Amino acid sequence: MSVTTDLSQLKLLGTLTRITAHRVLKRKSTIVLTLVGLLPVLQALLWIATAMGQVHPNLRPFGFFLQLVSTYFAFLFVPLLAIFLGLGVISDEVETRNITYTITRPLSPLVIATGRFLGHYLIAAAVLCVCVILNFAAGMVFQLEDIVRKFPGLINCLFFLSGGLLAYMAVIAALGTTWRRFAILGSVVWIMFDNVFALLPVANLNAISVKYRMLASSWESLPQGMMTLAAIEQSPAIVNALVFVLLASAAVSYMTWYLKQFEFVLSGSDSG
């Protein structure tokens, strides 16, 4: 009997994840975020001008791509995606009162928290990967002789950027569940601290910085900002990925606990 129940919950998890992802994909904000991620594709104009001899950039296309990964995607776009697609994982359901309808269905709190989070994350990761791949292609089409040799570098970037997005979204989803009114402010403040921790030469702070772990996972030497006081020391990407997964697991566990309390309150009010 327990096996049947477990299997049905797994099926419900897949269904909830798919429904959530479909809803997130249809949002106008998702389209806007995709366009923001594609803005650097305009770099193609620079390489066209270079080919015509009108400008002489200091970097080649792959070097420029690495700068985009470090300064645009890791610093700006990944946190932006995490905030816009992570805050509403649970809080949207609570604010619209859909959570009352959801909880009365045969869904465990763990399935609700996991399915909602995975649905939001899958769309965010898909947007991120599409934008990074197209930005890579926009430059490397002008450096075709190296595209095969540099392709593993692209895969590596997709891996650690998606991992960082997972960690950012997890923490922000937990913040959104806790402080619905001040979640945006709390998320921005936390991301600012996370970036500061990546700049300081303090190993303990580097260890808890999502951005530092993203950059440390790169096989290539990524450019760092002028204010950086700590050199990025490369560490195994799989170790950093485990840290990202642990953060996500902790956040989902917290959201599950929150939903259990919400469910308890509902059942208490019904019995009263």
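In what follows, the structure referred to is the one given above.
Before going into details, it helps to say that this report is about the structure given with it. (Residues numbered from 1 in each chain as written. Predicted model: local features only at pLDDT ≥ 70, side-chain atom pairs only at ≥ 80, totals over all residues. Heavy atoms only, no water.)

1. Brief notes about the overall build of the protein
At step 1: Each helix and strand counted, the protein has 12 helices and zero strands in total.
At step 2: Along the protein, from the amino end to the carboxyl end, the secondary structure elements read α-α-α-α-α-α-α-α-α-α-α-α.
At step 3: Expressed as a percentage of its 272 residues, the buried residues of the protein come to 45%.
At step 4: Across the protein, contacts joining residues at least 24 apart in sequence account for 78% of those joining residues at least 6 apart. (Helix = DSSP H or I, 4+ residues; strand = E, 2+ residues; numbered from the N terminus. Buried < 20%, exposed > 50% of the residue type's maximum accessible area, 1.4 Å probe, protein only. Contact = heavy atoms within 4.5 Å.)

2. A short note on helix H2 (residues 28-38)
Counting along an α-helix, one turn takes 3.6 residues, and residues three or four places apart therefore face a common direction.
At step 1: Taken together, the buried positions of H2 are Thr 30, Leu 33 and Gly 37. For H2, the buried positions fall inside an angular range of 60° around the axis, keeping them on one side. In H2, the exposed positions angled more than 90 degrees off the buried face are occupied by Lys 28 and Leu 35. (Arc of directions from axis to C-beta.)

3. Notes on the pattern of salt bridges
Pairs may arise between side chains of opposite charge once their charged atoms sit close together.
At step 1: By the definition in use, this model includes three salt bridges.
At step 2: Across the salt bridge formed by Arg 60 and Asp 146, the nearest N and O atoms sit 3.5 Å from each other. Remark: Asp 146 occurs in the loop between helix H7 (109-140) and helix H8 (147-178) and Arg 60 occurs in the loop between helix H3 (43-51) and helix H4 (61-86); sequence separation between them is 86 residues.
At step 3: For Arg 60, a relative accessible area of 45% translates into the label partly exposed.
At step 4: With a closest N to O distance of 3.0 Å, Asp 146 and Arg 149 form a salt bridge. (Salt bridge = Lys/Arg side-chain N within 4 Å of Asp/Glu carboxyl O.)

4. Here's the deal with the packing of H2 against H7
At step 1: At their nearest, the axes of H2 and H7 sit 9 Å apart, and the two run at 25° to each other. With respect to each other, H2 and H7 are oriented roughly parallel. Here H2 runs over H7; the crossing is right-handed. Contact residues: Thr 30, Thr 34, Gly 37 and Leu 38 in H2; Ile 123, Val 127, Cys 131, Leu 134 and Asn 135 in H7.
At step 2: Considering only residue class, the contact of H2 with H7 consists of five nonpolar, four polar and no charged. (Axes fitted to C-alpha atoms, helices over the stretch in contact; angles between N-to-C directions. Parallel < 35°, antiparallel > 145°, perpendicular 65-115°, else oblique. Left-handed = near helix turned anticlockwise from the far one by under 90°. Nonpolar A, V, L, I, M, F, W, Y, C, P; charged D, E, K, R; others polar.)

5. Some details on the packing of H4 against H8
At step 1: At a closest axis distance of 9 Å, the pairing of H4 and H8 adopts a crossing angle of 25°. Here H4 is positioned roughly parallel relative to H8, judged by the angle of their axes. Crossing geometry of H4 relative to H8 is assigned as right-handed. For the pair H4 and H8, the contacting residues are Phe 62, Phe 65, Val 69, Phe 73, Ala 74, Val 78, Pro 79, Leu 81, Ala 82, Ile 83, Leu 85 and Gly 86 in the first and Lys 150, Leu 154, Cys 157, Phe 160, Leu 161, Gly 164, Leu 165, Tyr 168, Met 169, Ile 172 and Ala 173 in the second.
At step 2: Class assignment for the residues of the contact of H4 with H8 results in 20 nonpolar, two polar and one charged.

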